[in-house]
Amino acid sequence: MSRLFLCFVVFFGLIACSTQPLDLNPISNPLKGVDTQRLVASDLSILWGVDDSSFQGNPKYADSKDAYLKELERVLIASFQRADVAEPIDVSLTFTISLYRRIGAVQARWIEGGGNTIKGTAVFRNPQDNSVMAAYVVEAVYGSDGGLIGAALQGLADTDVESKLAEQTVQNLRKKLSSKR
Amino acid sequence: MKNIAVLLLVVFIGGCVTGAPQGDSFSAVRDVPQGQSQLYLYRLHGAVGQALKYKVFIDGEQKGLLGNRGYIVIPVSPGKHEIELKAPGYKKNPVTFDFEAGENVFISAITDYKGGILGGSAKVVLTEVTKVVAEAEMTTTKEEI
């Protein structure tokens with residue numbers, strides 16, 4: 001009797017669940033199957049969404065921010081406004097920066113987990129009707145690779161954090177674009 | 001045996017309240033209702049707890065559910081309100097936000113998980129974000145209906 005009851009429970013449980021599918025592994029790449037190397041952004045813009053009013057009047061922060069934005073623009077143009085693309089797919093690309101955590105290169109190498117972290121959202125739209133083709137949240141982190149003295153020396157010698165963060169931002173975006181999941 | 005049956009029943013029913021949002025993808029921010037304020041609460045894709053829908057509480061009253069890659073729009077009266085997202089086994093982490101009449105408040109919900117030898121702990125961290133950020137990030141989400 002109890003086995004019969006158990007079978008009923010399992011049977012109806014499964015039916016109920018089949019009406020509301022679990023999205024345990026959602027398709028995260030809407031451009032899966034598209035040759036994303038063909039994407040050419042006829043319109044490209046970078047938006048600053050970080051509330052950094054507490055850093056107003058901090059010249060070091062302002063310099064870092066300006067340098068990062070210039071580097072990011074340079075790398076995005078190099079990646080998404082290439083003239084040598086055969087059969088380009090015209091897109092409009094907006095990159096919105098939502099997190100900008102910046103400390104010095106030396107400290108960044110000491111602090112595990114990324115003292116320097118950038119987070120942003122890249123939204124690709126169809127310029128014809130402005131519909132969203134795909135959107136990706138990407139992160140770039142520049143941080144420790146171990147060893148206190150070595151890290152300090154590395155940090156002192158390796159100060160071009162902005163260009164590294166910008167390049168990593170676009171590399172990570174490219175990875176998401178080419179993801180088969 | 002009956003205990004197993006009850007357990008299975010609970011698990012299956014529990015499973016049925018999970019899932020991804022079934023509404024439309026985010027397209028644009030709506031106007032705030034007259035004399036009100038409006039909360040946009042969204043949750044980006046995250047590996048931890050992705051099958052769970054979090055219960056959304058405002059001032060202790062449940063207002064809806066929020067799934068992975070979902071957003072929910074809730075009109076609220078102007079003033080301070082305590083917002084909390086709850087899920088089984090998660091630590092409490094309510095946050096109070098100030099709502100002004102005629103304004104949208106955009107809040108991002110992120111699951112913070114810390115692992116440990118004897119099991120980890122999770123909580124939902126709520127952070128107010130700018131409209132620019134919310135509009136971009138919500139593009140990856142669907143509305144909870």
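Being a predicted model, the structure only gives us computed values, none of them experimental.

Calculation rules
Residues numbered from 1 in each chain as written. Chains lettered and ligands numbered in written order. Predicted model: local features only at pLDDT ≥ 70, side-chain atom pairs only at ≥ 80, totals over all residues. Heavy atoms only, no water. Helix = DSSP H or I, 4+ residues; strand = E, 2+ residues; numbered from the N terminus. Buried < 20%, exposed > 50% of the residue type's maximum accessible area, 1.4 Å probe, protein only. Contact = heavy atoms within 4.5 Å. Areas by Shrake-Rupley, 256 points an atom, 1.4 Å probe, with all protein chains shown as cover. Pairing = 2+ DSSP bridges. Axes fitted to C-alpha atoms, helices over the stretch in contact; angles between N-to-C directions. Phe/Tyr/Trp six-rings, centres within 6.5 Å; stacked < 30°, edge-to-face > 60°. Lys NZ or Arg CZ within 6 Å of the ring centre and 35° of its normal. Patch = residues over 30% accessible without salt bridge, like charges linked within 9 Å, V, L, I, M, F, W, Y side chains within 5 Å. Salt bridge = Lys/Arg side-chain N within 4 Å of Asp/Glu carboxyl O. Lys, Arg positive; Asp, Glu negative; His and termini not counted. Charge placed at Lys NZ, Arg CZ, Asp CG, Glu CD. Polar contact = N/O pair within 3.5 Å; in protein donor to acceptor, adjacent residues only side chain to side chain.

Visitor: Kindly report on the overall build of chain B, identifying the contributing residues and their values.
Guide: Helix and strand content of chain B: two helices and nine strands. When the helices and strands of chain B are listed from N to C terminus, the series reads α-β-β-β-β-β-β-β-β-α-β. Residues counted as buried form 43% of the 145 residues belonging to chain B. Sequence-distant contacts in chain B: of pairs separated by 6 or more residues, those separated by 24 or more amount to 63%. Element-wise, carbon and sulfur atoms account for 55% of the exposed surface of chain B, whose accessible area totals about 7500 Å².

Visitor: Could you give an account of the sheet that holds strand S4 (residues 132-142) of chain A, with specific residues and numbers?
Guide: Residues and elements named next belong to chain A. If you trace the four strands from one edge of the open sheet to the other, you get S1-S2-S3-S4, paired in mixed fashion. Of all the strands in the sheet, the pair left with one neighbour each is strand S1 (39-48) and S4. Each neighbouring strand pair of the sheet contributes to a mean axis angle of 20 degrees, computed without reference to strand direction. Here strand S3 (residues 116-125) pairs with S4 via 10 bridges, running antiparallel.

Visitor: Could you give an account of the packing of aromatic side chains, with specific residues and numbers?
Guide: Scanning the entire structure with this criterion turns up 10 aromatic pairs over all chains. Judged by centre distance (6.2 Å) and plane angle (80 degrees), the rings of A:Phe124 and A:Tyr136 are edge-to-face. In this pair, A:Phe124 is assigned in strand S3 and A:Tyr136 in strand S4, connecting sequence segments 12 residues apart. In this structure, A:Phe124 and A:Tyr136 share a single accessibility class: buried. Members of the aromatic cluster, each reached through a chain of ring pairs, are A:Trp48, A:Phe55, A:Tyr61, A:Tyr68 and A:Tyr100. A cation over a ring is seen here: B:Arg43 above B:Tyr54, with NZ or CZ 3.8 Å from the ring centre. Its guanidinium or amino end placed over the ring of B:Phe57, B:Lys86 lies 4.2 Å from that ring's centre, counting from NZ or CZ.

Visitor: Report on the sheet that holds strand S7 (residues 104-114) of chain B, specifying residues and quantitative values.
Guide: All names here are of chain B. Taking strand neighbours across the sheet as the criterion, the five strands line up as S8-S7-S1-S4-S9 in an open arrangement whose pairing is mixed. Two strands close off the open sheet at either side, each with one partner strand: strand S8 (121-129) and strand S9 (142-143). Pairing analysis gives six bridges linking strand S1 (residues 37-43) to S7, with the strands arranged parallel. Following the sheet pairing, Leu41 is matched in S7 by Ile107.

Visitor: Talk me through the environment of B:Gly79; I want residue IDs and the actual numbers.
Guide: Residue and element names in this part refer to chain B. Position of Gly79 relative to the elements: it lies in strand S5 (residues 79-86). Along the backbone, Gly79 and Thr140 are 61 residues apart, and their C-alpha atoms lie at a distance of 29 Å. The contacts of Gly79, once residues within four sequence positions are left out, are Phe97, Asp98 and Phe99.

Visitor: Before we move on, can you summarise the pairing of S7(B) with the specific residues and values?
Guide: Relative to S8(B), S7(B) runs antiparallel, the two being bridged by nine bridges. Residue B:Tyr113 lies in a different strand from S8(B), and its bridge partner there is B:Ala122.

Visitor: Explain a negative patch on the surface to me, using residue names and the numbers behind them.
Guide: A surface patch of negative charge is lined by A:Asp51, B:Asp98, B:Glu100, B:Glu103 and B:Glu128. Among the secondary structure elements, B:Glu103 is positioned in the loop between strand S6 (95-99) and S7. When its relative accessible area of 39% is taken as the criterion, B:Glu103 is described as partly exposed.

Visitor: Explain the side chain of B:His81 to me, and be specific about the residues and the numbers.
Guide: Topologically, B:His81 is positioned in strand S5. In this structure the side chain of B:His81 is engaged in a polar contact, spanning 2.6 Å, whose partner is the side chain of B:Asp59.

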